[in-house]
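Residues per chain, in single letters:
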Amino acid sequence: LAMLEGFGAQEASLGVDEFAFMERFIELTIDLLDQLPTRRFFRPLLVDKHFVVRCKGSIVAQMPEARLMNQLLGILRYY
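What you see is a predicted model; the values in this text were computed from it and never measured.

### Notes on the side chain of Glu 23
Turning to step 1, where the next piece is worked out: Within the element layout of this structure, Glu 23 appears in helix H2 (residues 16–34).
Turning to step 2, where the next piece is worked out: This buried residue, Glu 23, is left without a salt bridge; Arg 24 holds the nearest opposite charge, at 4.0 Å.
Turning to step 3, where the next piece is worked out: Sequence-distant contacts of Glu 23, that is, excluding residues within four places in its chain, are made with Glu 65, Leu 68, Met 69 and Leu 72.

Right, here's the structure in full:
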């Protein structure tokens, strides 16, 4: 989240590796929420930190390259 929120202050754009990292992390988060034993403990943490809201509101999510990231956030919001 710090990388997403701190991006607006930087002048450089994100590379392919950074986008891939963020997408893989969101996939990991979806997989953790998909499992019932981890969902019980992990979902309250994500809700408390406003993870989906902060990701959707970031400057990175507004970029055209973040299409997959926005789709994954939509899946994550389902859980």
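Having put the structure on the table, let's press on.
### Remarks on the nonpolar core
Soluble globular proteins tend to pack their nonpolar side chains together in the buried interior.
Turning to step 1, where the next piece is worked out: Phe 19, Ile 26, Met 69 and Leu 76 are the most contacted members of the largest nonpolar core, which has 19 residues in total.
Turning to step 2, where the next piece is worked out: For this core, the secondary-structure elements that each account for two or more residues are H2, helix H3 (36–48), helix H4 (51–56) and helix H5 (67–78).
Turning to step 3, where the next piece is worked out: With five residues, the top contributor of residues to this core is H2.

Parameters and conventions
Residues numbered from 1 in each chain as written. Predicted model: local features only at pLDDT ≥ 70, side-chain atom pairs only at ≥ 80, totals over all residues. Heavy atoms only, no water. Helix = DSSP H or I, 4+ residues; strand = E, 2+ residues; numbered from the N terminus. Buried < 20%, exposed > 50% of the residue type's maximum accessible area, 1.4 Å probe, protein only. Lys, Arg positive; Asp, Glu negative; His and termini not counted. Salt bridge = Lys/Arg side-chain N within 4 Å of Asp/Glu carboxyl O. Contact = heavy atoms within 4.5 Å. Core = buried A, V, L, I, M, F, W, Y, C linked by side-chain atoms within 4.5 Å.

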